[in-house]
Amino acid sequence: MAYEGSTHNVELSPAFIETLQSDFKSLSSESKKKYPQVKEACEEAINKLKSTQSSPQTSIYYVVNQIIYPLSQGCETKDVKLIRLCLQIMQKLITHQLVDQKGALYITDTLWALMELGIEEVKILQTVTLLLTTNTVVHGETLARTLVLCFRLHFAKNSTTINTAGATVRQLVYLVFERVVSEHEQFSKAENLPQRIPINFEDLKVPSGNPPKGLPPCAGDAFLLFQDLVQLVNADQPFWLIGMTEMTRTFGLELLESVLTQFSLVFYKNVEFSFLLKERVCALVIKLFSPNIKYRSNVPSSIQQATPFEKPYFPISMRLLRVVSVLIQKYHSLLVTECEIFLSLIVKFLDPDKPTWQRSLALEVLHKMTIQPELLNSFCECYDLNVHTTSIFQDIVNSLGAYVQSLFVSPQLQMGAGIPVVQGQPPVYLGGLPAGPGVSPQPGFLLRGVWLPIVATFPTGQTKSTYLEMLDKIEPPIVPDGYGISVAYACLMEIIRSLQITINPQHLPEEPVVPKKENSKELNCQLINSSWCGLLAALSPLVDASTEESVSENVLKAIQTYTSLCGMLDLHTPRDAFITAICKSSLPPHYALTVLNAVTSGVNLRQAHRDSQDINLPMVVQYGETEYRQQVVAVGTPLPTSSIPAGTQQGPVMLTAKNLQSMRALLSLAHCHGGILGTSWHLVLTTLQHLVWILGLKPSTGGSLKAGRPTADTNAVITSSVMDNLPVLSTMLSKLFESSQYLDDVALHHLISALCKLSQEAMELAYSNREPSLFAVAKLLETGLVNMSRIEVLWRPLTNHLLEVCHHPHIRMRGWGVEAITYLVKSALHYNHAIPLRENQKLQTLLLGPLYELSSVPHGDVRQKQLECVLQILHTNGETLSHGWPLVLGIIGAVNDQHGENLIRIAFQCLQLVITDFLPVMPWRCLPLCVDTVSKFGSQTQELNISLTAVGLMWNISDYFHQNQGKLSQASNEDNTVLPDFPGTLNMPSFDKLWMCLYARLGDLCVDSRPAVRKSAGQTLFSTISAHGSLLKQSTWQVLLWQVLFPLLDKVRSLSNSASSEKVDAGGNILIHHTRNTAQKQWAETQVLTLSGVARVFNTKRQLLQALGDFPRAWSILLEFIENAALSKNNEVSIAALKSFQEILFLNKNQNGDNKISCDDKDIWVVAWKIWVKIGTEITVPLIEQETQEDFYIPSQTFLTALVQIFPNVFQHVKITFTLEDLKQLGAVLLNAVGIPVFGETPYIISTSSDITLTPLHDGVLHVMELLQKEALLKNNSKMIPEIFTLLLSFSKFTCSPPTCSKVENKHNKMADWVTMNYVPFGEKAISMVVKLYEKTAENPEVITTNILKDIIVTLHTPLALKYNCVSNSIWKLAANSLLTVLKVGLKVARGHGNQFATMWNELYNTLNDFLFPTTCAPGEKGLDEMVSDEATDCQIIDLLRTEVLPYSKNIPKDFIMQVVILLNKGSIHSATNVKTDGDIELTLREEFAKTCFETLLQFSLIDGANNGLLTSSDDKNNGVAGHLAVTSLLHRFQEVLKKYIEDEKLSGKCPLPRYRLSEISFVLKALTTLIVSMKKATTVKEDNKAWEQLINLYPYLVECTTTSSTQVSRPLREALLQFCDLLQPPHNRNNNVIKIPDSLI
């Protein structure tokens, strides 16, 4: 094989042998004179060639190797002629491939010798080339030797040799690597490949002259060659190329570059080579980069202290960058980390402090990379996308951005010079741009006083390096000013192009689609995130600085492209930033700052606010120089914005040609890429709005913009060229919005949302009365019109906003809003939709919705346009509006009183048109709404005639229902979902529902605020029911009752209650009758009419109503209304209600024969009873509760009497079910009724002289009580009896405490006396009834259980306690007699039921005590007979106690017995101290009473008899308790009187005490005497030591009394003292106990 020496059998042709012989002969003859040894060798060679022919088996190479010897000798002679001949023969041998490895070595040695001698250098090089290119026999050390030979010749002195040798070296190096490629191909074809030896990288790390073990021969040579090239460039000794004497870095770098460029495959296929690349080449490059990085051109050399070696050297730097460029482009995947370093270094080359040529070289390298989309993609994927690596792609783009910005920073020296005069710049300026006569301005960039022309242009996707190709230059070239910006601009354009190819590849139709791995979304996003800031930083100034339209166009297009990529990837921040850049360049700088800062919060405009402190002076702004120097093509007024306070004076706004170019770019972006703008539509539209405003474009019909006429007061200037372009711009704008039809739904929503937001901002401004921009509203309209095909998608957001606009107070703003809505609605109704509008209910509703919503706008101008639109629709589309009628009617019906007469008239015209023309074609479903709408006009108050006409239209509709009942019944049965629901009835026919709608609305009009309408509607309602009621089903009558008539009654009732009582001013000369001169009185008329109307319906439709299941309920409700009316404060209403009550009851009674009624009769009467109770209760309760209020109502006695007189009739029917609860309710009513004072009713004022007469009301009440009493006794209804008692007792109390109403008395105090007197006979009658009833029912268990006796006592307590204070003596006398009567019966019962009467005894005691010992004196005018009579009554009470209580002490509680004893005790010695007259005349004591008491006491305390159970019963534990109590009590009382008497007598001195005091003490002494006598006789007392001790204790007091001078006292004192004589001897009792007598008595 080739690498074994390629010694395949080559035959020497005879002809060639002869040629060789001939050549050797020539050589022989040439050398025979001077060099005989050469001649001999040649002859020998000739002989050998001859022998070859005769013996063909001899190896050719053997022969050839022998014949080379004379050639070597010939070369050693240094004879040029000979050497040439020798070299020619060598070349022939080589050409015929007759040289093997050995021969090649001989030839090489020969050539080496010649090289060292410097002879025939060019021929040597030719021979070497032939030797290596003819075949592959030369390798290994021989190859190295040949290569060294060539290298050494490259450094000869002859320039021809140098150049030839250089070319040869390049060719041979190329050849060495070509062999590797061929070798690899042979290996890949071979079947049995030798096993590769595993690579030991440790061995590779140590460089040597031997190839790695695993490499094939050619690859090994190439490896060693490449290794030594690196060594040589690094200025180190080679290991394989031995014999090298000299080498330049530049040449070495060139060779490395060519190998790397041409043979990347070798490095990828062989790990050994890639190892070299990583370990050696990269280290070398980084080392050689060092001076370039460290050196800074703007730092003085004295500070840098750079050695000559460290200073960047252009030829090396340039070649180094070429190598780096190849490494990055070709070996990026192998050298990921290293490339990261290289790229970082290249980026640093762009720093401003680096020399210009260095920056230019770096730019050219970057340019080469930027045209390769895959490479940029790969950078981003390997670096930017990873967390732990430098964001290289971002750094590249950012460095370009920084570079571009750095170019526009004026040098310090030229800061004050305005525009710097740079070398080579033409001196003539036109508008700030360099130009000559007849020469168009040179393209370039002018910004901040820096002018940079474009000096190089590049075809898209191609590079053309200038400085990287300057291989012959040694000194750094002078770089023109504009070169850097030209390349940077090209790089930026290429980056964006590459990104577009990567992210959004576009394939032409004829191109074959190459399958290619697509980027992930994450990688694409990273590409954008890494690049957007840098690109923006670079492109923004370029747009501003560009002086040539095509350049500006390119930059703007690039920005558009990039924006679209951001949008595609949903990267909103970069997208918005780039859009901001276009927007910024569309407006003057100072103006853009104001406008866009307000819009974009997240995007930095990269402009400092200090640049625009004075908005009115754009010429002063440094940043604005560019614009100032450009041609101003339009001057306009600024659009007010929220960022500028109202009232701020703003100067005119100047637009340049570039502003308009940017505007076109913005339009193009929005037009082509609207789908990705999303939220940034707002920014785009804001900018367009400002431009449109400045250019003076105004909205016209349909939303398109037209140039408006400039007003005289503005300083607007628009050049003719722009003026001609305005229609084009307007068309572009319209096309932009027309293209919205191609946006998807989401994008369309973004557009509409942005327009709405813009419009919202305009509205906010308009609130402060600044002229608003109507751009957004106009464009919303335009957008809506072009998207009719998918109207459902945008209709709601679009129209919702326009509705907001319609609410705006600014008249032009809302005018355009309503114009837009009405235009859209009309257009949408005319549009030929996919599903015809007539059949599409949802769409009809959707389209008419906004028109309907306009009804909520308060502005009359808007409403007028709305109604005009409705009229147009009715005329043009009335037939198709099958489903839209509800909305049309809704719009008409939405007009109300607030809108004024004019709007109401227009709306009513619409309604009349609908009812006259469209009622027959209107779907029946809309008829209820029709009725409602007519009803609304009936209830409007602006125009009475319209209301009355509307009621007339109700008649029309009812006639239509009546005439079309068949059609309507049939149609409405199909679907009744639209009809209102009438709860409570199942399956109501839809036709009936229609009628119900009509009746319900008429019912509403019956409660109108105007009496005329109420009356008209009421008559219409009841007449319609009468005329057409027969069409209704029976079940519908139920609804009519419950949902029309009863609610009507309810409303009338509530409105009557709230009506004003102030007089109505009729105006003019119209007189109003006094019964109708207040709203309240007018409502009273309505109330009477409606109640009677409903009653009439009950009357006329009686049979029908009774058949309904809930007739009793209806009856109840009707009665409730009657009840409510009866409770009215208006006499007319209340008495009319009672009449209705009587009338209905009477009617019902007459029809009792009907079986259908009789079953419900009981329930009906129960309801009647309940209503009666409610009327009775509620007519009086408010009076009692609201006594403190000014406004209260006193029902008339006529009313109350009538009410009470109704009861017996009701009671006849309910007595069977009359319960105790009912009785209580009745009681409450009666009690309240009699408690109401009489006021102003002459027949009821009764003089005091006729105080025994009862009023009709009281008579009625007592009649009711008798009825109840009779019923209770008849049916033996025991439970009711206690309640009857309670009620009668309540009436009884009126004798002493008649019911009072303080307010009434205060107002009408003249009547207080007779009102009070009036109750006495009523109360007395009640007391008599109580006594009679008790006599009959005392034994009744219920009476016993409920303690009626106690209640009677409590009730009688009051008059008894008052006694002489009673209004009339007859009261307390009746009370006393009643008490005696009741007790005679009751005490017997009480003794038999001890427990149940426990609480009564104490009350009885209190009553007796308060009566017998009153706190008040008898009046002075009382005669003696009366006093005696009164005392006799007192004695009767004591007699009752003597006969009914004390004898039965064992059955009576001990406490009561004690209380009785205390009473008797008190009565027995009661003095008349407090019974005095004013004149202090002494009156007789109640001596008879005292005597009776004392006798009773003695009788029951000291009688010692077997028959006295009180004392002697051996069974009773408290045996003799009454006696003991009596004795002790008497003795104690005696002691008190004696003590008091002694004290008073001492104080009185010689003046005698009053007679009654002497009488009292005399009585006490007599009583004491009697007591002592009795005690001696009574056996039980004898044993009571305590009693005796008490008696003995009295002795000293008696002795004290002896000083008295009164015979009235001394006689009984003597008698008493005599009785003590027996006590001087102690008496003996049965137990021989001795009573000890105190020493004081002995």
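Residues numbered from 1 in each chain as written. Predicted model: local features only at pLDDT ≥ 70, side-chain atom pairs only at ≥ 80, totals over all residues. Heavy atoms only, no water.

A. Summary view of the overall build of the chain. Of regular secondary structure, the chain possesses 67 helices and 9 strands. Sequence-distant contacts, at least 24 apart, represent 75% of the contacts inside the chain between residues at least 6 apart. (Helix = DSSP H or I, 4+ residues; strand = E, 2+ residues; numbered from the N terminus. Contact = heavy atoms within 4.5 Å.)

B. Structural context of the pairing of strand 4 (residues 450-453). Going residue by residue along strand 4, you find V450 and L452 tucked away on one face and W451 and P453 tucked away on the opposite face as well. The antiparallel hairpin formed by strand 3 (residues 444-447) and strand 4 contains 2 residues in its connecting segment, where R448 sits at a positive phi of about 50°. (Buried < 20%, exposed > 50% of the residue type's maximum accessible area, 1.4 Å probe, protein only. Pairing = 2+ DSSP bridges.)

C. Quick peek at the environment of L1387. Looking at the element boundaries, L1387 is found in helix 57 (residues 1369-1392). In this structure L1387 comes out as buried when scored by relative accessible area, which is 2%. Excluding residues that lie within four positions of it along the chain, L1387 makes contacts with W1401, L1404, L1440, E1444 and V1445.

D. Representation of helix 26 (residues 657-677). The end-to-end C-alpha separation of helix 26 is 25 Å, well short of the 30 Å expected for 21 residues at 1.5 Å each. Its axis deflected by about 60° at H671, helix 26 carries its strongest bend there. Positive phi appears at G678, one or two residues downstream of helix 26, with a value of about 55°. (Expected span 1.5 Å × (residues − 1). Bend = angle between axes of the 7 residues up to and from the residue.)

E. Structural view of the nonpolar core. Formed by 507 residues in total, the largest nonpolar core has its most connected members in F177, F961, F1046 and F1291. Here the element with the most residues in this core is helix 20 (residues 481-503); it accounts for 13 residues. In this structure, F961 is in contact with L927, V931, L968, F991, L994, W995 and L998, ignoring residues within four places of it in sequence. (Core = buried A, V, L, I, M, F, W, Y, C linked by side-chain atoms within 4.5 Å.)

F. Local environment of the side chain of T129. The residue T129 is located in helix 6 (residues 121-134) in this model. When residues no more than four places from it in sequence are discounted, the contact partners of T129 are T168, Q171 and L172.

G. Examining the packing of helix 5 (residues 101-117) against helix 6 more closely. Packing of helix 5 against helix 6 brings their axes to within 10 Å, and their N-to-C directions diverge by 160°. Considered as vectors, helix 5 and helix 6 are oriented roughly antiparallel to each other. The handedness of the crossing between helix 5 and helix 6 is left-handed. Residues A104, I107, T108, L111, L114 and M115 of helix 5 lie in contact with helix 6, whose contacting residues are I124, T127, V128 and L131. (Axes fitted to C-alpha atoms, helices over the stretch in contact; angles between N-to-C directions. Parallel < 35°, antiparallel > 145°, perpendicular 65-115°, else oblique. Left-handed = near helix turned anticlockwise from the far one by under 90°.)

H. View of the pattern of salt bridges. In the structure shown here, the tally under the stated rule is 24 salt bridges. Here R322 and E469 are joined by a salt bridge, their closest N and O atoms 3.3 Å apart. With R322 in helix 15 (residues 314-331) and E469 in the loop between strand 4 and helix 20, the pair connects residues that are 147 residues apart, well separated along the chain. D1434 serves as the salt-bridge partner of K1363, at 3.6 Å between the closest nitrogen and oxygen. Of this pair, K1363 sits in the loop between helix 56 (1348-1362) and helix 57 while D1434 sits in helix 59 (residues 1424-1444), and the two are 71 residues apart along the sequence. When sorted by exposure, K1363 lands in the same class as D1434, which is buried. One continuous salt-bridge network, built from bridges that share partners, spans D932, R1001, D1004 and K1051. (Salt bridge = Lys/Arg side-chain N within 4 Å of Asp/Glu carboxyl O.)

I. Region of the structure containing the packing of aromatic side chains. Under the counting rule described, the total for this entry stands at 41 aromatic pairs. Residues F177 and F273 carry aromatic rings whose centres are separated by 6.1 Å and whose planes lie at 70° to one another, so their mutual orientation is edge-to-face. Residue F177 is located in helix 8 (residues 159-189), and its partner F273 is located in helix 13 (residues 271-294); the two are separated by 96 residues in the primary sequence. For the pair formed by F177 and F273, the shared burial category is buried. When the ring of W1172 is compared with that of F1207, the centres are 5.2 Å apart and the planes differ by 45°; the resulting orientation is tilted. Highlighted residues: W1172 in helix 47 (residues 1155-1185) and F1207 in helix 48 (residues 1197-1214), separated in sequence by 35 residues. Pair check on accessibility: W1172 and F1207 agree, each one buried. (Phe/Tyr/Trp six-rings, centres within 6.5 Å; stacked < 30°, edge-to-face > 60°.)

J. Looking closely at helix 27 (residues 681-695). Here helix 27 spans 21 Å end to end across 15 residues, near enough to the 21 Å set by a 1.5 Å rise per residue. Within helix 27, 15 of the 15 residues are buried, which leaves the element mostly enclosed by the surrounding structure.

K. Inspection of the sheet that holds strand 5 (residues 632-636) at higher detail. Within the open sheet, the 3 strands sit side by side as 6-5-9. Their pairing is antiparallel. Of all strands in the sheet, those bounded by a partner on one side alone are strand 6 (653-656) and strand 9 (717-718). Lying over the sheet, helix 26 contacts strand 5 and strand 6, oriented at roughly 75° with respect to strand 6.

L. Structural context of the pairing of strand 5. Taking burial as the measure, the 5 residues of strand 5 include 4 buried ones, the bulk of the element. Where strand 5 and strand 6 come together, 4 bridges link them in antiparallel fashion. Its bridge partner being in strand 6, V632 is matched across the sheet by T656. Here 2 bridges tie strand 5 to strand 9, and the two strands are oriented antiparallel to one another. By the bridge assignment for strand 9, A634 is matched with I718.

M. Layout of the environment of E340. Checked against the element boundaries, E340 lands in helix 16 (residues 336-349). Residue class for E340 comes out buried when judged on its relative accessible area of 13%. As a C-alpha pair, E340 and T390 span 50 residues in sequence and 7.3 Å in three-dimensional space. Excluding anything up to four places from it in sequence, E340 contacts Y383, T389, T390 and I392.

N. Structural context of unusual backbone geometry. For R448, which is not glycine, the phi dihedral falls at a positive 50°. Inspection of the secondary structure assignment puts R448 in the loop between strand 3 and strand 4.

O. A look at the packing of helix 21 (residues 521-545) against helix 22 (residues 549-568). Look at helix 21 against helix 22: their axes get within 11 Å of each other, and the N-to-C directions meet at 155°. Classified by the angle between their axes, helix 21 and helix 22 sit roughly antiparallel to one another. Crossing of helix 21 against helix 22: the hand is left-handed. Judged by residue contacts, L527, I528, S531, W532, L535, L539, L542 and V543 of helix 21 engage V555, L556, I559, Y562, L565 and C566 from helix 22. The residue inventory of the contact of helix 21 with helix 22, partitioned by class, reads 13 nonpolar, 1 polar and no charged. (Nonpolar A, V, L, I, M, F, W, Y, C, P; charged D, E, K, R; others polar.)

P. Here's a closer look at the confidence of the model for the chain. A residue-level look at the chain finds 82% of positions with pLDDT of 70 or above and a mean pLDDT of 78. In this model residues 305-309 is a low-confidence stretch, pLDDT under 50, and it forms 3 contacts with partners more than four residues away in sequence or in other chains. For the stretch residues 1242-1251, pLDDT sits under 50, and the model shows 13 contacts to residues farther than four places along the chain or on other chains. (pLDDT = per-residue confidence, 0-100.)

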